[in-house]
Every structure is written in structure tokens, then in C-alpha cells.
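Read off the chains here:
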Amino acid sequence: MDTFVIEGGRRLEGKLRINGSKNAALPLMCVPLLTDEPVTLRDVPNLADIRSLRNLLAELGCVQTGEQQGMMRLHTQDPTKSHARYEIVRTMRASISTLGPMVAKRGYAKVSMPGGCAIGDRPVDLHLRGLAALGAEITLDGGDIIAKAPRKGLQGATIFLGGQFGSTVLGTANVLCAATLAKGTTVIESAACEPEIVDLANLLIKMGARITGHGSPRLIVEGVEKLSGVDYTVMADRIEAGTFMLAAAITNGDITLENCPIDAMLVVKDKLNAMGIQLAVTGSDLLRATVRVTSARTLKPVEFTTQPHPGFPTDLQAQMMATLTLADGNSVITERIFPERFMHVAELSRMGARLMRQGPTVIVSGVRKLVGAPVMASDLRASAGLVLAGMAAEGTTTLNRVYHLDRGYERMEDRLTSLGANIRRVDDKDLPSHLTGGAD
Ligand code: EPZ
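Everything numeric here is computed off the predicted structure, so don't read it as measured data. (Residues numbered from 1 in each chain as written. Predicted model: local features only at pLDDT ≥ 70, side-chain atom pairs only at ≥ 80, totals over all residues. Heavy atoms only, no water.)

### Description of the pairing of strand β15 (residues 254-260)
For clarity, the threshold we go by: Each residue is placed in one exposure class: buried if its accessible area under a 1.4 Å probe, protein chains only, is under 20% of its type's maximum, exposed if it is over 50%, and partly exposed if it falls in between. Numbering of helices and strands starts at the N terminus; helices are DSSP runs of H or I of at least 4 residues and strands are runs of E of at least 2. Only strands that DSSP links by at least two bridges are regarded as paired with each other.
Among the seven residues that make up β15, five are buried, leaving the element largely enclosed by the rest of the structure. Two strands pair when backbone bridges link them, and strand β2 (residues 13-17) and β15 are joined in this way by five bridges, in the parallel orientation. Residue pairing for β15: K15 is matched across the bridge by T256.

What follows is the structure, given as C-alpha cells:
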């Protein structure tokens, strides 16, 4: 398995372009299941999760008919293959996003229940409740969700889609996609407001869907007979942008990000400014702006709670925690979306961070320095947090199981090295045992 060897103490400086968003691209890639015409998506990031979903779509009769750098052309050519198998779904839970489009367009879908993961058990009850409200008959058989639409097709409905943790991003995507072809009007109350949902709605509208309220908690959809093909560019990745902003801050660097969706991350800008990180924004399109990131030598502590958008994104919680371990004072972090999303706490503590967890809250007591150590990646964003800590730590940090990172960051070591970091990707078989650390 691949391991990162990170030599700390290097300031990041230079320029970097933010990639297309993984969390926008994944639901967008399921939209070709809603039409008989080809859909071209541009600026699709080259990530493990993207490749997994492309392989699943091929099994569902939706094949990639064109490929250039970052461009993906998808066309449904065989709508009779409608079984999303456990072997693929368990490796990439966003596969659940094929359910709504297939049951709406084909009248039938069989999708394996996604398993849990390191950050929680990841239920899909809200997805199923929403599709059932549109008239789909939902049954579970041997770990598979079987969804059947009535002969007359799905019918519009008024749906409350909120759960105990608030709105659901992929649940909203599933129900929104299905509603575009349902007969009549659908109201989705407590819809996710995430920018990635706005991106999905914008794509669907370009294909002829009739949607209003996207970006607000109330989505209204007037069903249409069919959707046409389209050529669409995926929005920039706000989580990748936030990760690199914090990488600059934790190394006291000075970097300039291009294609940065600053208007989709105002809560992040607010918190980073409170920490003493300056973001100088230029450019007319604030979803593809140029942002120069500099920071005070000593960062200030902050308090934040993760919440559905426009609240602070849970996907930046680990990266913020890593950065705040070196702030001058105590920070308080509360995780309200995935209360178990703290796999990075023990690993950061191995590097000398002073963290005290009380349920969904972690008190971060700033320390003067972190010390490099062998640490273990566990989920995508925890891994990113550990890379940031390793770049700021004294000495060498080895990060094992880097495949977690590759799911959401394209060749992260190359992009950070281009900014001056010292990170090498090695096979852990080539490492001395004392550097491979971590219990299996
Ligand atoms: C999306 O996951 C993102 N993934 C996640 O990013 C992100 O952390 C999450 O939204 C929250 O912002 C993609 O977009 C591919 P949810 P999603 O449904 O849609 C509960 C990353 O690191 N819930 O919004 O699966 C759920 O348990 C990934 O890039 C139910 O109870 O998340 C959670 O507590 C990790 N029932 C909360 O809602 C349901 O039916 C929010 O989950 C669905 C969700």
C-alpha cells in the first residue's frame, strides 16, 4: 500500500488551480441515467471515486463515449441493466445516487444498500422516504434496495426530507433527480442547500428540467416528459480549496489559488479570517475567483460547529482541527453532522497535539509545535488533516493507507510539492518497520 513520507517545516508558496468538485461531479455523473441523449461533463477531477462511479455506470448501461483531460461524455445505451452491485457500492457510497434517476427513467432500480464507513453508519432512510413519497414501491431484498415506479410513472408530491441531523445532500440529489420526470409538482422541504446541489439543479435546468428554489431549503420541481443532452462544466471544489487554504496557513505560507469558489465558502472565509488568515480575492466570477492566501505567524483559536450549508462544512473539520493544534490558545470544535468523525484525533495526538474529546466536541489546546510520527489514514478528510499536520511538524511523518486520500484528492503529493512541500509517495514495503507504525 502507498505511504506518504512528509518532511515538515517547509513554507508553501506559489500558485495552484482548484480542480472540479468531487462532491458535485458524483451526483452529476448519475444524471445521464435520466436521458437517452449524451451528457458531456467538463472539469471532472481524476479521482478514485470518480473512476469507481464511471465503472458502475457502465454496468448500468451508461457508457463513457468520450474522454479528454477532465472531460467525460456519458451516454445511456442499455437501460435494461439496472443492478448496482454490492461489490462496487460498498467501495463508494455515492453510488446510491443512481437510485433516483433509474427509478424515475426506467421504472425500476436495484441498488445495494451502501455500508457504513469510518465516519458513521451512513443510513439512506431519507432517500427511500423521499422516493416512496413520489410513488416508488421500495423493498429490501438480500441487502439490495429494489425500487419500482407505478406503471403510470412517479407522481409529484410535497416531501419533508429533513432528518435528525438536518438535510441530506445525496438524499436531496436523489429525490430532485427523480422529481424532474415525475408527473406534476414536487415540493422538497428541508432540502440540502449545498452549492453542489445548486450545481446539480443548474445542470438539470440546462437539460430542460423546471426547478426553482435551488440553494434554499425549499425546492420546487415541475415534472417534464423528457430531458435533453447537455455540455456542462462542474463547479470548483470548495473542500479542496479550503484544504489548501489551511495548508498555507499551517505552514505560514503564501499561495494563490485559481478557479476558487470563494462565494460557496463564505463561512470558511469568516472562520479563517478570525484565525488571522487573509484571503485577497480578485476576479469577477466569485465561483471561479483568484484568491491569495497569507496568514499571521501565530494563528488565533476559534470555535465552530459543523452544520448543513451555509454552516461550517463537516468535510473541513479535520483539516481545521489539524491547523488549530498550533493556534495560540484553546479552540472548540463540535461535529453535528457525523458525531463520530474524529478518527484523526488519536493520530494528531500521536504528533503532540493536545486534544480532549467530550462526545461530539473536541477542545483543542494550542501547542508550540507538532512532532513528526507514523500515523494512519482512516477516511478521506482525516487523511488530509494529517498531511497538513505533517507539513507543519518537526521531523518526518509517515502517513499510511494513502488510498483514502486518493479518493478525493488528485495526486495531492505532487500538488503540494509544487508549492514547496517535501512529500514522497512510497510503497510501505520499502519503509523500515519503525516508520510504518499503527496497529492493523
Ligand atoms: C455528502 O454525503 C458528501 N458526499 C459528504 O462528503 C459530506 O460529508 C456530507 O454530504 C455532508 O455534507 C458526497 O457528496 C459524495 P448527508 P451524504 O446525507 O449526502 C444523515 C467527503 O468527505 N442521514 O448529507 O451521504 C447522515 O448520517 C464526503 O467528501 C440520515 O440520517 O451525507 C448524516 O448524519 C464524506 N439519513 C447527515 O444526515 C439519510 O437517509 C448528513 O448526511 C441520509 C443521511
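### Concerning the domain arrangement of the chain
This is how it is decided: Bear in mind that the domain bounds are from an automatic or database domain assignment. Should any heavy atoms of two residues lie within 4.5 Å, those residues are counted as being in contact. Throughout, the accessible surface (probe 1.4 Å) given up by two parts as they are put together, summed over both, is called the buried area. Should a side-chain nitrogen of Lys or Arg be within 4 Å of a carboxyl oxygen of Asp or Glu, the pair is scored as a salt bridge.
Parsing the chain into structural domains produces domain 1 (2-19 + 237-435) and domain 2 (22-224). With centres defined by C-alpha atoms, the gap from domain 1 to domain 2 works out at 30 Å. Counting residues at the interface gives 26 residues for domain 1, matched by 19 residues for domain 2. Each partner contributes to the roughly 1800 Å² buried at the junction of domain 1 and domain 2, and carbon and sulfur atoms together form 53% of this total. Three residues, H309, R407 and E410, lead the burial of domain 1 against domain 2; their summed loss comes to 31% of the area buried on that side. For the pair domain 1 and domain 2, the number of links is three salt bridges. Between R17 and D43 there is a salt bridge; the shortest N-O distance is 3.0 Å.

### What about helix α6 (residues 169-179)?
Short version of the rule: Polar contact is defined as a pair of N or O atoms within 3.5 Å, subject to the rule that within protein one atom must be able to donate a hydrogen and the other to accept it, and that residues adjacent in sequence are counted only when both atoms are side-chain atoms.
For α6, a buried count of 10 out of 11 residues is recorded, marking the element as mostly surrounded by other parts of the structure. For α6, the set of buried residues is L170, G171, T172, A173, N174, V175, L176, C177, A178 and A179. A side-chain oxygen of the first residue of α6 lies 3.0 Å from the backbone nitrogen of G171; this N-cap is T168.

### Structural notes on the sheet that holds strand β3 (residues 39-42)
To keep things clear, this is the line we draw: To obtain an axis, a line is fitted to C-alpha atoms, over the contacting stretch when the element is a helix, and the angle between two such axes runs from 0 to 180 degrees between their N-to-C directions.
Pairing is mixed in the open sheet, where four strands are placed in the order β4-β5-β3-β14. Looking at which strands have only one partner, the edges of the open sheet turn out to be β4 (62-68) and β14 (230-233). For this sheet, the mean inter-axis angle between neighbouring strands, taken without regard to orientation, is 20°. Relative to strand β5 (residues 71-76), β3 runs antiparallel, the two sharing three bridges. Across the sheet, residue L41 finds its bridge partner in β5, namely M72.

### Here we look at the site of the ligand
What counts, and what does not: We define proximity as follows: a residue is near a molecule or strand when any one of its heavy atoms falls within 4 Å of that partner. Under this grouping Gly is polar, as are all residues other than the nonpolar Ala, Val, Leu, Ile, Met, Phe, Trp, Tyr, Cys and Pro and the charged Asp, Glu, Lys and Arg.
As a structural note, the neighbourhood of the ligand is formed by 23 residues, with R93, L126, T168, D315 and I337 the closest of them. Separating an oxygen atom of the ligand from a side-chain N or O atom of K22 is a distance of 2.9 Å. Take V169: an N or O atom from its main chain is 2.8 Å from an oxygen atom of the ligand. Broken down by secondary-structure element, the contributors of at least two residues to the shell around the ligand are α1 (22-30), α5 (125-133), α6 and α12 (380-392). Grouping the constituent residues of the shell around the ligand by class yields 11 nonpolar, five polar and seven charged. A domain-level breakdown of the shell around the ligand finds at least three residues from each of domain 1 (2-19 + 237-435) and domain 2 (22-224).

### Topic: the environment of A248
Structurally, A248 can be placed in helix α8 (residues 238-250). The spatial distance from the C-alpha of A248 to the C-alpha of A392 is 10.0 Å, given a sequence separation of 144 residues. Those residues in contact with A248, other than ones at most four positions away along the chain, are L12, G253, I255 and V293.

### Observations concerning the packing of α1 against helix α7 (residues 195-206)
Basically, it comes down to this: Each helix crossing is assigned a hand: it is left-handed if the near helix lies turned anticlockwise from the far helix by less than a right angle, otherwise right-handed if that turn is clockwise.
The interhelical angle for the contact between α1 and α7, taken along N-to-C directions, is 35°, at an axis separation of 9 Å. For the crossing formed where α1 meets α7, the hand is right-handed. The segment α1 lies against α7, with N23, A24, P27 and L28 engaging E196, D199, L200 and L203. Across the contact of α1 with α7, the residue classes tally to five nonpolar, one polar and two charged.

### Notes on the sheet that holds strand β10 (residues 158-160)
An order of β10-β11-β13-β12 is seen for the four strands of this open sheet, with the pairing classed as mixed. Where the open sheet ends on each side, the last strands, each with one partner, are β10 and β12 (210-212). Each adjacent strand pair in this sheet contributes to an overall mean axis angle of 15°, direction not counted. Direction of pairing for β12 relative to strand β13 (residues 218-222): antiparallel, over a ladder of three bridges. What sits directly across from R210, in β13, is E222.

### A few points about unusual backbone geometry
Cis rather than trans, the peptide bond between H309 and P310 has omega equal to 10°. Turning to its location among the elements, P310 is positioned in the loop between β18 (303-306) and α10 (317-324). One non-glycine residue, D43, adopts positive backbone phi at about 65°. By the element assignment, D43 lies in the loop between β3 and α2 (48-59). For S190, which is not a glycine, the phi torsion comes out positive at approximately 65°. Here S190 is to be found in the loop between β11 (185-189) and α7. For S190, a relative accessible area of 17% translates into the label buried.

### Some points on the pattern of salt bridges
On inspection of all chains with the given rule, the structure shows 22 salt bridges. D231 is paired through a salt bridge with R42; the nearest N and O atoms lie 2.7 Å apart. One end of the pair, D231, is in strand β14; the other, R42, is in strand β3, and 189 residues separate them in sequence. By relative accessible area, D231 is classed as partly exposed at 35%. Among the residues examined, R42 registers a relative accessible area of 33% and is labelled partly exposed. Here R425 makes a salt bridge to D406, at a shortest N to O gap of 2.8 Å. Residue R425 is located in strand β24 (residues 422-427), and its partner D406 is located in helix α13 (residues 403-406); the two are separated by 19 residues in the primary sequence. Through salt bridges with shared partners, one network takes in D2, D406, R411, E413, D414 and R425.

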